[in-house]
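# A look at the structure
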Amino acid sequence: MKFGVVIFPGSNCDYDTYYALKNVFKQKTTFLWHKEHDLKNVDCVILPGGFSYGDYLRSGSIAAFSPLMQEVKEFALRGGLVLGICNGFQILLELGLLPGAMLRNEKLKFLCQFIHIRVENNKTPFSHQAKKGQILKVPIAHFDGNYFASPETILEIKKNSQIVFRYSDAKGQLNEEANVNGSAESIAGLINKAGNVLGMMPHPERASEVLLGSEDGRIIFESIIAKLS
Amino acid sequence: MIDKKIIEEHNLTLEEYEKIVQLIGREPNITELGIFSLMWSEHCSYKSSKIHLKKLPVTGKNVVQGPGENAGIIDIGDGLVAVFKIESHNHPSYIEPYQGAATGIGGILRDIFTMGARPIALLDSLRFGPLSKPKNKSIMEGVVSGIAGYGNSIGVPTVGGDIYFNDCYSRNPLVNVFALGIAEKNKIFYAKAEGIGNPVLYVGSKTGRDGIHGATMASAEFDQDSEKKRPNVQVGDPFKEKLLVEACLEVMAKDIIVGIQDMGAAGLTCSTSEMAANSGAGIEINLDLVPQREEGMTPYEMMLSESQERMLIVAKKDKVEEVQQIFSKWDLDAVTIGQVTEGGRLKVRFEGKIVVDLPVDAIINLCPVYKRESKIPSYLKSETIIKPFPSPENYSKTLLKLLSSATIAEKEWVYRQYDHTVQVNTAFLPGADASLLRIKNSKKALALTLDGNSLYSYLDPRTGGKIAVAEACRNLACVGARPVGVTNCLNFGNPEKPEIMWQFKEVVEGIAQACSAFNIPVTGGNVSFYNDTEGISIYPSPVLGVVGIVDDVSRAVSPGFKKAGDSVILLGENKEELGCSEYLKCVFNMEKGIPPQIDLKEEKRIQEFCLETISMSLIESAHDISEGGLSISLAECSLLSPLKIGFSLAIQDDMRLDALLFGETQSRIVVSSSNQKVKKLLNLAKKRKVKATVLGKTGGDRIIIYHSNKKIIDIPVNEAYKAWKEAIPDIFQVK
């Protein structure tokens, strides 16, 4: 089993994700360079957080045109596991692997803080080790995390149980205050219909060690590892 | 022809001009004059501060690099070094807050990775005018967004810092940015131009007309027209710099370059002449080869441009291609624009002609050094006297008022905009006494803090300097870190005014005494003079950045109370000192009096004791007493407690009650301890000759303080939390 972490110019959580996989979860992990056309036979591709190409245009929009993304798309269509974290989620939306788009946070400020998410769907390769309704404490750090989709799309993703995580309070209640960035349906994590491509705004790699204030992010990596072994 | 007017426009005196003529044996041309105006500016030459800075202790067994390089370097063990520095970006941030602050971050980060270190932390010390004025609010909003915009994008966490508000910063805000990186001890790079014939490469962004005269701008007072200097402020591109960081570190991992220098203030001029001067060599460059963003630039403009995100590299002769390959991988220009030469001259070609031919020694080392006149300021006589004032009727209300004063109130509104968790090292969130970053693959952590109370320095500069060092070190002691190195940013008014020079001299003396007493070296820093607008100077504002080491990160201590029923213990002695307090300012609108005095030996004893109790796991929490005094510090222990645990305590000392509650007497720390450990702690205190007083217990959901069996403060924790937490968001009208 091998993980691949893609490096785009401007990625800045590439090393963090690599560190978590390699040092915390002791997994074989390799970097994948955006200019190449080689997925190096990995079993799970992770698009890390950051500001790919500076995000001067729409977040993630240029990275979606990187040479490697052709392979990532094909890999996803073949059923390969793809996880997009933060900027990676934005890129998955731009790639069309996930529906919808990201707007600026409702209050128009960058938000870096620990928040809570509630597991809505625990039947995915990324969440099957969690209980349905489990609350996870994980950090966010983004400017464009306000998920948006047309009413038809929202209906569709709800019908297909594509919402994997929702922003909630510590007790699991959904409310305006807990939905810090103003996302439609409090969506924090979204999976594709086929169930192999997950995008999430919170950073599980920043919540995989007690020292960093939470270990709740581990469950996502542990789910993937269990699924692949 | 160079005439008097041109010389003045370049901020040089006639005497300085004559010295230039004498040094180079002829009249300089306009480009050469521009070069001297930059490198002999106060900002680049330290001509007014040099003689005083000599007093600072700069050596120590862990010092790998002291002042004079891009950044200071301290050995932190296990083959690693910490590379750190603080810089000011005050003037640009006033004219154009977003870009001023953003390029400040870009500049300080280049200082760090230029030396081969990957930047892992940013902190900033900000000073604004009161937020009751809309202009100050918009400056603060712009500065915070600028820091966030650059730091978040490049992926270096902004983990802490401090913010003060005072009217003296209304026309002259301070933006001091600190960065720290980690490098392998045997892989440090310097600004060297060694090896005659080695190629000089220009890498990074293209050169434009932005930032021309930035360093000179930073070396003059501002007037009504300062807004017009807006085009002098550079525009930052954090994405480009992120690519530069990665490309430079990749190049440095191989044995293919000789030296490297960033192009910060004074751009091409500074990097070429400094690299040459450092190695006793010369450099020749051809401006026609410099990647340019605009057409028709003159040599003068190119040499003086402060376009951001550029570096100069001296490569090994046969490795140019390898260097270029790495930069091209990261989509960056890397162009050979010249070579290292013999003879110590800076030669610049443009369209086939030599347009600059100067001895680098004259540019870098022979700038005149001034021993400027100094005089005790006349304001001290009147301002240090406090007229009688009444005691408050309701201490609970006063405490709430202080908790919601901008300087004391919670700063989450600010740090939530900064990515402070990227790089997965952040062990303490912002708001603790010091920022704490684990060192990967080790038990150790680095603790970082910035500190400086300018009102203290205004009314007793020497004490202000001492306290800035002492308090920063106390912050470190509270988390369990031993200080290992200091960097300082000294923000002052116009040094040509004798009263300002006196403030400077005294503050430096205070810093030197404290650093010597604590035995910590100053490894560099920055002096920012001319913080005056329309003749009004800021308070003398030293900002101290201190780096400490925690040997075992699992033992580090945070300020919040941990559980109900613990004993709360005050380390140190209460004294009746209300001068320069936040209380006087906030309640009586008085910025007067003599600041609290400090006995450095006693201070050191308290800090050592705190460290000892932490290493023995005797305490659960520790918090330093500073602005707002004992009662604010105690309240903060509740507010910073994850469970918002209240307390019920009694204080006994016989003095004015407001002084006891809100006075800012130094050398005091509030700790909490599990009951079974209290006795051991008190015995140890006795042995170490530290005064330790048990004040009472944590618990409940109220903040309660008794004095002489009378309840003088009683507030629900929730109410205090609201006052403290919502003060700043309320000002900016968001929640």
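Residues numbered from 1 in each chain as written. Chains lettered and ligands numbered in written order. Predicted model: local features only at pLDDT ≥ 70, side-chain atom pairs only at ≥ 80, totals over all residues. Heavy atoms only, no water.

On a plain count of helices and strands, chain A comes out with five helices and eleven strands. The C-alpha atoms of chain A give a radius of gyration of 16 Å, which matches the 17 Å a tight globule of 229 residues would have. When its C-alpha atoms are laid out on the principal axes, chain A stretches across 45 × 35 × 30 Å. Taken over 229 residues, chain A has a buried fraction of 63%. Counting contacts in chain A only where the partners sit at least 6 residues apart, residues at least 24 apart contribute 75% of the total. Carbon and sulfur atoms make up 51% of the accessible area of chain A, which totals about 8900 Å². With 25 positive and 23 negative side-chain charges, chain A shows a separation of 4 Å between the mean positions of the two kinds. (Helix = DSSP H or I, 4+ residues; strand = E, 2+ residues; numbered from the N terminus. Rg over C-alpha atoms; globule rule 2.2 N^0.38 Å. Buried < 20%, exposed > 50% of the residue type's maximum accessible area, 1.4 Å probe, protein only. Contact = heavy atoms within 4.5 Å. Areas by Shrake-Rupley, 256 points an atom, 1.4 Å probe, with all protein chains shown as cover. Lys, Arg positive; Asp, Glu negative; His and termini not counted. Charge placed at Lys NZ, Arg CZ, Asp CG, Glu CD.)

Across its full length, chain B carries 26 helices and 27 strands. Taking 2.2 N^0.38 as the reference for a compact globule, 735 residues should give roughly 27 Å; the C-alpha atoms of chain B span a radius of gyration of 26 Å, in line with that estimate. Expressed as lengths along the three principal axes of its C-alpha atoms, the size of chain B is roughly 90 × 55 × 45 Å. Taking as baseline every contact in chain B between residues at least 6 positions apart, the subset at least 24 positions apart corresponds to 85%. Within the structure as shown, chain B displays about 25200 Å² of accessible surface, and the carbon and sulfur contribution to it stands at 49%. Within chain B, one finds 84 positive and 91 negative side-chain charges whose respective centroids are separated by 6 Å.

Where empty space is left becomes clear once a probe the size of a water molecule has been rolled over the atoms. Residues and elements named next belong to chain B. Scanning the entire structure with this criterion turns up four cavities of 30 Å³ or more. As a volume, the largest cavity reaches approximately 810 Å³. Those elements that place two or more of their residues in the lining of the largest cavity are β4 (118–128), β5 (158–165), α17 (412–415), β15 (445–451), α19 (461–479), β22 (621–624) and α23 (629–639). Tallying contributions element by element places β5 first for the lining of the largest cavity, with seven residues. (1 Å grid on protein atoms, 1.4 Å probe; cavity = no way out; pocket = protein on both sides within 12 Å on 5 of 7 lines; lining within 4 Å. Points joined across faces, edges and corners; volume = space filled by probe spheres on them.)

One frequently used descriptor of interface size is the decrease in accessible area upon assembly of the parts. Between chain B and chain A, the contact holds 35 residues from the first and 30 residues from the second. Taken together, both faces of the contact between chain B and chain A bury some 2700 Å²; the carbon and sulfur share is 59%. Summed over the three residues of chain B that lose the most area to chain A, namely B:F239, B:R416 and B:V424, the buried surface amounts to 22% of that side. Linking chain B with chain A are four salt bridges, by the criterion used here. Counting every contact that joins chain B to chain A gives 16 residue pairs in polar contact (both at pLDDT 80 or more). By residue number, the principal contributor to the side of chain B that touches chain A is helix α10 (residues 238–252) of chain B, which donates five residues. (Buried area = accessible area lost by both parts, 1.4 Å probe. Salt bridge = Lys/Arg side-chain N within 4 Å of Asp/Glu carboxyl O. Polar contact = N/O pair within 3.5 Å; in protein donor to acceptor, adjacent residues only side chain to side chain.)

All names here are of chain B. Where helix α20 (residues 498–518) contacts helix α22 (residues 600–615), the axes come no closer than 10 Å and their chain directions differ by 45°. Classified by the angle between their axes, α20 and α22 sit oblique to one another. As for how α20 packs across α22, the hand of that crossing is right-handed. Only L600, E603, K604 and Q607 of α22 make contact with α20, whose side of the interface consists of Q513, A514, A517 and F518. (Axes fitted to C-alpha atoms, helices over the stretch in contact; angles between N-to-C directions. Parallel < 35°, antiparallel > 145°, perpendicular 65-115°, else oblique. Left-handed = near helix turned anticlockwise from the far one by under 90°.)

With that out of the way, let us pick up the packing of α22(B) against helix α25 (residues 675–687) of chain B. Helix-helix packing: each pair is described by the crossing angle between the helix axes and the interaxial distance. All names here are of chain B. At their nearest, the axes of α22 and α25 sit 11 Å apart, and the two run at 145° to each other. Handedness of the crossing formed by α22 with α25: right-handed. Between α22 and α25, the residues in contact are F609, E612 and T613 and L681, L684 and A685, respectively. A breakdown of the residues in the contact of α22 with α25 according to their chemical character gives four nonpolar, one polar and one charged. (Nonpolar A, V, L, I, M, F, W, Y, C, P; charged D, E, K, R; others polar.)

What follows covers the pattern of salt bridges. Applying the stated criterion across every chain, the model contains 52 salt bridges over all chains. When the shortest N-O distance is used, the salt bridge between A:E94 and A:R58 registers 2.8 Å. Taken together, the positions of A:E94 in helix α3 (residues 87–95) and A:R58 in the loop between β3 (44–47) and α2 (68–77) put the pair 36 residues apart, joining distant regions of the chain. Given a relative accessible area of 29%, A:E94 falls into the partly exposed group. For B:E284, the salt bridge is made with B:R349, and the minimal N-O distance between the two is 2.9 Å. Here B:E284 is found in strand β9 (residues 282–286), whereas its partner B:R349 is found in strand β12 (residues 345–350), with 65 residues between them in sequence.

Here we take up the side chain of B:T613. Inspection of the secondary structure assignment puts B:T613 in helix α22. Discounting residues that sit within four places of it in the chain, B:T613 has contacts with B:L618, B:I619, B:L681 and B:L684.

For B:E69, the position within the fold is in the loop between β1 (63–65) and β2 (72–77). Not counting residues up to four positions away in its chain, the partners in contact with B:E69 are B:M115, B:Y190, B:A191 and B:N278.

So, about α19(B). Residue and element names in this part refer to chain B. With 19 residues, α19 extends 28 Å between its outermost C-alpha atoms, agreeing within 8% with the 27 Å of an ideal straight helix rising 1.5 Å per residue. Of all the 19 residues making up α19, 18 are buried; the element is thus mostly covered by neighbouring parts of the structure. Two residues or fewer past α19, G480 is found with a positive phi of approximately 100°. (Expected span 1.5 Å × (residues − 1).)

This part covers the sheet that holds strand β20 (residues 541–550) of chain B. Residues and elements named next belong to chain B. With respect to topology, five strands assemble into an open sheet ordered β14-β15-β20-β16-β17, the strand pairing being mixed. Among the strands making up the open sheet, the edge pair consists of β14 (435–438) and β17 (522–528). Put simply, the sheet's adjacent strands are angled 20° from each other on average, direction ignored. Direction of pairing for β14 relative to β15: antiparallel, over a ladder of four bridges. In the sheet register, R438 faces β15, and the bridge partner there is A445. (Pairing = 2+ DSSP bridges.)

Our focus in this paragraph is the sheet that holds strand β10 (residues 310–315) of chain B. Residues and elements named next belong to chain B. Ordered in space as β8-β10-β7-β11-β9-β12-β13, the seven strands form an open sheet in which the pairing is mixed. The open sheet has two edge strands, β8 (257–262) and β13 (353–359), and neither has a second partner. Adjacent strand axes in the sheet meet at a mean angle of 25° when their direction is disregarded. In this fold α10 packs onto β7 (199–204), β8 and β10, with an angle of close to 155° to the strand it touches most, β8.

Further remarks concern the UniProt feature "domain: PurM-like C-terminal" (unreviewed entry) in chain B. Taking the UniProt record as the reference, the feature "domain: PurM-like C-terminal" (unreviewed entry) is found at residues 196–349 and 563–702 of chain B. A helix fraction of 38% and a strand fraction of 19% characterise residues 563–702 of chain B, whose end C-alpha atoms lie 14 Å from each other. (UniProt positions renumbered as here; feature names shortened; annotations may be inferred.)

So, on to the pairing of strand β25 (residues 692–698) of chain B. Sheet analysis places strand β21 (residues 567–571) of chain B next to β25(B), joined by five bridges and oriented antiparallel. Bridging from a neighbouring strand, B:L571 pairs with B:A692 of β25(B).

Throughout the structure, instances matching the rule amount to 22 aromatic pairs over all chains. Plain terms: the ring middles of A:F25 and A:F221 are 5.2 Å apart, the flat faces sit at 40° to each other, and that makes the pair tilted. Of this pair, A:F25 sits in the loop between α1 (14–24) and β2 (28–33) while A:F221 sits in helix α5 (residues 218–228), placing them 196 residues apart in sequence. Each member of the pair, A:F25 together with A:F221, is buried. Aromatic pair B:F36 and B:W40: ring centres 5.2 Å apart, planes at 85°, arrangement edge-to-face. Residue B:F36 is classed as buried on the basis of its relative accessible area of 0%. For B:W40, a relative accessible area of 0% gives the class buried. In textbook terms, an aromatic cluster arises when at least three aromatic residues are bridged by ring pairs, as seen for B:F389, B:Y583, B:F588 and B:F662. (Phe/Tyr/Trp six-rings, centres within 6.5 Å; stacked < 30°, edge-to-face > 60°.)

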